[in-house]
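# Coordinates in review
Spelled out, the chains give:
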Amino acid sequence: MEYTNRYGDVYTFTKQEDGSVLWEGSFKHCRFGWPNNYKRAYQQYCKDIGSGGGHPMHIQDFKEQVHEMIYNENDEYVGPGPICAQYGQLVTSDTNTIDMIDPSGGPYLSTHTNLYERFGDDELKGLCISSFEPIETGYKIHTYGEFFHLKERSDD
């Protein structure tokens, strides 16, 4: 399928036999995003809490609290939350993994985007983005099925 963005740039999306999609076009002016890497921050937090005899919070709770900002009753920014203030600077970007691509004028695509819902093309029905891989002509979009999370799993 072809997609023309608001600046007239044309991008092609070609479904491959393996379920991936080739995304080709001009990526000269483009923004990229990378997922956060919480490993160093969480390890330091666990070390600090453990040395005091405490029990660390679950990593999912930590991921929320490390980004917490405090606002007053007038919704004015006061400062970072306590976990953010102490460990936020240890959160880094995993620059080896692209999780968002946004060419100037679009289309903005990120991991977990449902390609059929985004573009409405039947060829892309049921495909969601799991990752991006740079190729010479653009990006190979690795996909998973939109209902993959409902797949029955064996107990092997």
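It should be noted that the structure appears before, not after, this text.
Here goes a summary of the coordinates provided. If you're wondering where the values come from, they're calculated on a predicted model, not measured in any experiment.

## Notes on the overall build of the protein chain
A count of helical and extended segments in the protein chain gives four helices and 12 strands. Based on the C-alpha atoms only, the size of the protein chain along its principal axes is roughly 55 × 50 × 30 Å. Residue burial in the protein chain is summarised as follows: out of 156 residues, 31% are buried. When the accessible surface of the protein chain is totalled, it reaches about 10200 Å², and 47% of it is carbon and sulfur.

## Some remarks on the sheet that holds strand 4 (residues 30-33)
Pairing between sheet strands relies on hydrogen bonds along the backbone, with the strands arranged either parallel or antiparallel. An order of 4-9-10 is seen for the three strands of this open sheet, with the pairing classed as antiparallel. The sheet is open, and its two edges are formed by strand 4 and strand 10 (109-110), each paired on a single side. By the bridge criterion, four bridges tie strand 4 to strand 9 (residues 100-103) in an arrangement that is antiparallel. Across the sheet, Gly 33 pairs through a bridge with Met 100, a residue of strand 9.

## Topic: the nonpolar core
Counting residues in each nonpolar core, the largest one holds 17 residues, and the members touching the most others are Phe 13, Trp 23, Leu 109, Leu 115, Phe 132 and Ile 141. Breaking this core down by element, the ones donating at least two residues are strand 2 (10-15), strand 3 (21-24), helix 4 (115-119), strand 11 (127-135) and strand 12 (138-145). With three residues, strand 11 is the single largest residue contributor to this core. The contact partners of Ile 141, leaving out residues within four places of it in the chain, are Phe 13, Ser 20, Val 21, Trp 23, Leu 109, Ile 129, Ser 131 and Phe 132.

## Some remarks on the side chain of Thr 113
When you line up the elements, Thr 113 lands in the loop between strand 10 and helix 4. With a relative accessible area of 17%, Thr 113 lands in the buried category. Here Ser 110 takes part through its backbone oxygen, which lies 2.7 Å from a polar atom of the side chain of Thr 113.

## Digging into the sheet that holds strand 2
With antiparallel pairing, the five strands of this open sheet are ordered in space as 1-2-3-12-11. Lying at the two open borders of the sheet, with one neighbouring strand each, are strand 1 (2-4) and strand 11. Direction aside, neighbouring strands of the sheet carry axes that sit 25° apart on average. Here strand 11 pairs with strand 12 via eight bridges, running antiparallel. Its bridge partner lying in strand 12, Pro 134 is registered against Tyr 139.

## A word on helix 1 (residues 39-51)
Working note: α-helix, 3.6 residues per turn, so residues spaced by three or four point in the same direction. Helix length check: helix 1, at 13 residues, gives a terminal C-alpha distance of 18 Å against a target of 18 Å (1.5 Å per residue), a fit within 8%. Turning to helix 1, its buried residues are Ala 41, Tyr 42 and Tyr 45. One face of helix 1 carries all of its buried residues, which in axial projection span an arc of 90°. Residues of helix 1 that are exposed and point more than 90 degrees away from the buried face comprise Lys 39, Arg 40, Lys 47 and Ser 51. If you follow the buried residues of helix 1, they end up packed against helix 2 (59-65) and helix 3 (82-87). Gly 53 sits one or two positions beyond helix 1 and adopts a positive phi of about 85°.

Cut-offs applied
Residues numbered from 1 in each chain as written. Predicted model: local features only at pLDDT ≥ 70, side-chain atom pairs only at ≥ 80, totals over all residues. Heavy atoms only, no water. Helix = DSSP H or I, 4+ residues; strand = E, 2+ residues; numbered from the N terminus. Buried < 20%, exposed > 50% of the residue type's maximum accessible area, 1.4 Å probe, protein only. Areas by Shrake-Rupley, 256 points an atom, 1.4 Å probe, with all protein chains shown as cover. Pairing = 2+ DSSP bridges. Core = buried A, V, L, I, M, F, W, Y, C linked by side-chain atoms within 4.5 Å. Contact = heavy atoms within 4.5 Å. Polar contact = N/O pair within 3.5 Å; in protein donor to acceptor, adjacent residues only side chain to side chain. Axes fitted to C-alpha atoms, helices over the stretch in contact; angles between N-to-C directions. Expected span 1.5 Å × (residues − 1). Arc of directions from axis to C-beta.

None of this, on its own, says anything about what the molecule does.
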